[in-house]
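The chain contents come next:
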Amino acid sequence: MTKSAGHILQDKKIRLFIILSGIFITNAIIAEMIGGKIFSFEKTLGFEPLSTPLFGDYLLQFNLTAGVLLWPVVFITTDIINEYFGKKGVRRITFITVGLIAYAFIAIYFAMKLAPADFWLEVNATDATGAAININEAFRLVLTQGLNIIFASLVAFVIGQFVDVFVFHKLRKITGKRMIWLRATGSTLISQLIDSFVVLFVAFYFLGPWSIEQVLAVGITNYVYKFLIAIGLTPLLYVAHFFIDRFLGKENAEAMMQEASQESDQGFF
């Protein structure tokens, strides 16, 4: 007998996948949208930036893309999905997310092509200080940079997911049920190392005006930040496991993890 929609939504396994998928997709798309902004981590916290020379004229400063605030959440969610739903679950949500990001890319592109209304230009002709601005040009510049980020992130995202899943299952094969922190944090650190530099090289070096030294300088600081955040968020993995195991029931949770672990020798695609 075919399950009704109501019964399907009452299935705890399906509900868990929907919740994790929602967290995954939301954070991935928002990270893409805000990734064009480079911010000073030190100034945000009220400190003067570091001034250590790095790669010639560039200084070791924590100038980060705003997207790094959310990407660690995406990769940690990947590990949780991996733990309970295996490679098939990660593959499914990865392809859905790539499709939605591509959809956002197309929507932004056509939004930039729309002719601006005269009253919109007039109402926004000056900023808060009274200086003249071209709001349509500002809109275009911000979103054009965002499009570069989105395209670069699509490339880095798929590569990063592949690496994350591969490393996660290799470590899981070694550790078994033990050492959740090692396989989750280890796979995240390796995948984010690749993700950090692929995004910057594609978006700001090949498609933008940055020099290779600037890409390396920002890439290193981005990764140091992601490294520290990934370590700091490790306890949340155990918190997530605790609540998920309670939600599913210990026997169901262990059965799902056992089934997911049996995919270890299968390819991501």
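Residues numbered from 1 in each chain as written. Predicted model: local features only at pLDDT ≥ 70, side-chain atom pairs only at ≥ 80, totals over all residues. Heavy atoms only, no water.

1. Observations concerning the packing of helix α4 (residues 71-113) against helix α7 (residues 180-206)
- Where α4 contacts α7, the two axes come as close as 10 Å, and the packing angle between them is 135°. Compared by their axis directions, α4 and α7 come out oblique. The chirality of how α4 crosses α7 is right-handed. Seen from α4, the contacting residues are W71, P72, F75, D79 and E83; seen from α7, they are I180, R183, A184, S187, T188, S191, Q192 and D195. (Axes fitted to C-alpha atoms, helices over the stretch in contact; angles between N-to-C directions. Helix = DSSP H or I, 4+ residues; strand = E, 2+ residues; numbered from the N terminus. Parallel < 35°, antiparallel > 145°, perpendicular 65-115°, else oblique. Left-handed = near helix turned anticlockwise from the far one by under 90°. Contact = heavy atoms within 4.5 Å.)

2. Some words on the side chain of N82
- Summarising the element assignment, N82 is placed in helix α4.
- The class for N82 is buried, based on a relative accessible area of 0%. (Buried < 20%, exposed > 50% of the residue type's maximum accessible area, 1.4 Å probe, protein only.)

3. Overview of the packing of α7 against helix α9 (residues 234-248)
- Running from N to C, α7 and α9 point in directions that differ by 125°, and their axes come no closer than 10 Å. Classified by the interaxial angle, the pair formed by α7 and α9 is oblique. In the crossing of α7 with α9, the sense of the turn from one axis to the other is right-handed. On the side of α7, the interface is formed by I180, W181, A184 and T185, while α9 contributes T234, L237, Y238 and H241.

4. Points about helix α2 (residues 12-34)
- In this model, α2 (23 residues) spans 33 Å end to end at C-alpha, consistent with the 33 Å of a helix rising 1.5 Å per residue.
- All of the buried residues in α2 are L16, F17, L20, S21, F24, I25, N27, A28, A31 and E32.
- One side-chain oxygen at the N-terminal end of α2 lies 2.9 Å from the backbone nitrogen of K13; it belongs to D11. (Expected span 1.5 Å × (residues − 1). Polar contact = N/O pair within 3.5 Å; in protein donor to acceptor, adjacent residues only side chain to side chain.)

5. So, the packing of aromatic side chains
- Inspection of the entire model under this criterion finds 10 aromatic pairs.
- Arranged with centres 6.1 Å apart and planes meeting at 65°, the rings of Y223 and F227 form a pair that is edge-to-face. With Y223 and F227 both in helix α8 (residues 212-232) and four residues apart, this pair spans about one turn of that helix.
- You can call Y223 buried: its relative accessible area is 16%.
- Both rings, one in F242 and one in F243, keep their centres 5.3 Å apart while their planes meet at 80°; by these two values the pair is edge-to-face.
- Judged by its relative accessible area of 48%, F242 is partly exposed.
- Over the face of the ring belonging to F247 we find K12, whose NZ or CZ atom lies 5.4 Å from the ring centre. (Phe/Tyr/Trp six-rings, centres within 6.5 Å; stacked < 30°, edge-to-face > 60°. Lys NZ or Arg CZ within 6 Å of the ring centre and 35° of its normal.)

6. Description of the pattern of salt bridges
- Within the structure shown, the criterion is met by two salt bridges.
- Note that R140 is salt-bridged to E137, the shortest N-O span being 2.6 Å. Note that R140 and E137 are positioned in helix α6 (residues 135-175) at a spacing of three residues, about one turn of the helix.
- One salt bridge connects E254 with K250, and the closest N-O pair in it is separated by 3.4 Å. (Salt bridge = Lys/Arg side-chain N within 4 Å of Asp/Glu carboxyl O.)

7. Here's the deal with the environment of V224
- Looking at where V224 falls in the secondary structure, it is placed in helix α8.
- Relative accessible area serves as the criterion here: at 33%, V224 is assigned to the partly exposed category.
- With 31 residues separating them along the chain, V224 and L193 place their C-alpha atoms 9.2 Å apart.

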